[in-house]
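# Secondary and tertiary structure notes
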Amino acid sequence: MNAPATTAVESDVAVECVAVQKSFDGTPVLKSIDLSVPHGQVMCVIGPSGSGKSTFLRCINHLERIDGGLLRVAGEMVGYREHKGRLHELRHHEIARRRADIGMVFQSFNLFPHLTVLENIIEAPMAVRKNQRDDAVADARRLLDKVGLTGREDAYPRMLSGGQQQRVAIARALAMRPKLMLFDEPTSALDPELVGEVLSVMKELAAEGMTMIVVTHELGFAREVADTVVFMDGGYIVEQGAPAEMFANPQTERCRDFLGKVL
Ligand code: ADP
Ligand code: MG
């Protein structure tokens, strides 16, 4: 790992990437990613399939190890602990502790099929945060209300629509009180008529000041909610800027092409 030895830690930055690289079997997937997401902001990531968007989120969430560059979440390096100017690999429990502060929502919901809605939501707060069951249940009910699913506590995931399952997945992530929420194409697996209910929960979350990185093809959502849009292609950030500006006036041929296909 050839991370720069000294870099100033900006406390107002939730996610900071400097020249982040990631390869699989010698094939570079993230070639050199530079970006920063200030606390409380929403960044939408767009780009063609295979451009490295999911890999990027997975690196932020400690699910992949970067091969080069520097990646910090809430001022802490992903994968490493700094001590007296030296880097030490994180131990398993240290990774678990840092991951607990990051919520992730996947395209495929990923709820536990054998657990009820309520059990899905209270599982991690009890197992990881060591919350008391009564507190976890009270919190879960509050979150179910927030995502519009009061009364569905005892349902199993298979009894719910895709939109409802995704709202449970968001409630489950929020139950850990994350500092950062990552969304990987959260509405791509949904029937069109169910997309809006999930996006409106995400909009509310953004309005409350949650820091969010959202990989999405929903340009309407990006235009309305994102502070910044990043266009990725071929393992690079090709463009980034305010959504209205980028959508109206893309600076590169590749971005223009992509927007033409998605809009
Ligand atoms: P996106 O989310 O933008 O569609 P991904 O990050 O999923 O892109 O994938 C980028 C590239 O990395 C693709 O070529 C994909 O096949 C490859 N890739 C992703 N994960 C792995 C992995 N675990 N092993 C090998 N190749 C991978
Ligand atoms: Mg992907």
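Numbering of residues begins from 1 in every chain and follows the order in which that chain's sequence is written. A letter from A marks each chain and a number from 1 marks each ligand, given out in the order of writing. Residue-level local features of this predicted model are given only where pLDDT is at least 70; pairs of side-chain atoms are given and counted only at 80 or more, and the full residue set underlies all totals for whole chains, interfaces and linings. Here the side-chain values reflect all heavy atoms present in the structure, with hydrogen atoms and water set aside.

The chain is annotated in an unreviewed UniProt entry as ABC-type polar-amino-acid transporter from Prauserella cavernicola. Per UniProt, the comment on the chain under Catalytic activity (unreviewed entry) is "a polar amino acid(out) + ATP + H2O = a polar amino acid(in) + ADP + phosphate + H(+)". UniProt positions are given in the numbering used here, feature names are shortened, and annotations may be inferred rather than shown by experiment.

## Observations regarding the site of ligand 1
In the vicinity of ligand 1, the residues found are Phe24, Val29, Pro48, Ser49, Gly50, Ser51, Gly52, Lys53, Ser54 and Thr55. Any N or O atom pair separated by 3.5 Å or less is treated as a polar contact, with the protein-specific requirement of one donor-capable and one acceptor-capable atom, and with residues adjacent in sequence counted only for side-chain atom pairs. Lys53 has a polar side-chain atom sitting 2.8 Å from an oxygen atom of ligand 1. Areas reported as accessible are Shrake-Rupley estimates using a 1.4 Å probe. Residue values count occlusion only from the protein chains shown. Coverage of ligand 1 by the protein amounts to 57% of the 560 Å² it exposes when considered alone. Here a helix means four or more residues in a row that DSSP labels H or I, a strand means two or more in a row labelled E, and each is numbered from the N terminus. Per element, the largest residue contribution to the shell around ligand 1 is three residues, and it comes from helix H1 (residues 53–60). In the shell around ligand 1, the residues fall into three nonpolar, six polar and one charged. Put simply, a residue is near a molecule or strand once any heavy atom of it comes within 4 Å of that molecule or strand. As a working rule, the residues Ala, Val, Leu, Ile, Met, Phe, Trp, Tyr, Cys and Pro are called nonpolar, Asp, Glu, Lys and Arg charged, and the rest polar, with Gly in that last group.

## Things to note about the side chain of His62
Assignment of secondary structure puts His62 in the loop between H1 and strand S4 (68–73). Beyond its immediate stretch of four places on either side in the chain, His62 contacts Val78, Gly79, Leu90, Ile95, Arg98, Arg99 and Ile102. In this analysis, two residues are considered to be in contact whenever any of their non-hydrogen atoms come within 4.5 Å of each other.

## Some words on the packing of helix H5 (residues 162–174) against helix H6 (residues 192–207)
Across the interface, H5 lies against H6 with an axial gap of 8 Å and an inter-helix angle of 20 degrees. Relative to H6, the element H5 lies roughly parallel. The two elements H5 and H6 meet at a crossing, and its hand is right-handed. On H6, the residues that touch Gly162, Gly163, Gln164, Gln166, Arg167, Ile170 and Leu174 of H5 are Leu194, Glu197, Val198, Val201, Met202 and Leu205. Taken together, the residues of the contact of H5 with H6 break down into seven nonpolar, four polar and two charged. What counts as an axis is a line fitted to C-alpha atoms, over the stretch in contact for a helix, and the angles between N-to-C directions run from 0 to 180 degrees. Each angle receives one of four descriptions, namely roughly parallel if under 35 degrees, roughly antiparallel if over 145, roughly perpendicular if within 65 to 115, and oblique otherwise. Crossing chirality is assigned from the near helix's rotation relative to the far helix, an anticlockwise turn below a right angle marking it left-handed and a clockwise turn marking it right-handed.

## Things to note about the pairing of strand S10 (residues 211–215)
With five of five residues buried, S10 lies mostly within the body of the structure. Only protein chains enter the accessibility calculation, which uses a 1.4 Å probe. A residue is then buried if its area is under 20% of the maximum for its type, exposed if over 50%, and partly exposed in between. Residues of S10 alternate between two faces, with Thr211, Ile213 and Val215 on one and Met212 and Val214 on the opposite face, all of them buried. DSSP calls a pair of strands paired once it identifies at least 2 bridges connecting them. Relative to S10, strand S3 (residues 42–46) runs parallel, the two being bridged by four bridges. The residue of S10 that forms the bridge with Met43 is Ile213.

## Overview of the environment of Gly162
With respect to the secondary-structure elements, Gly162 resides in helix H5. Put simply, Gly162 and Thr187 are 25 residues apart on the chain and 9.1 Å apart in space, counted from C-alpha to C-alpha.

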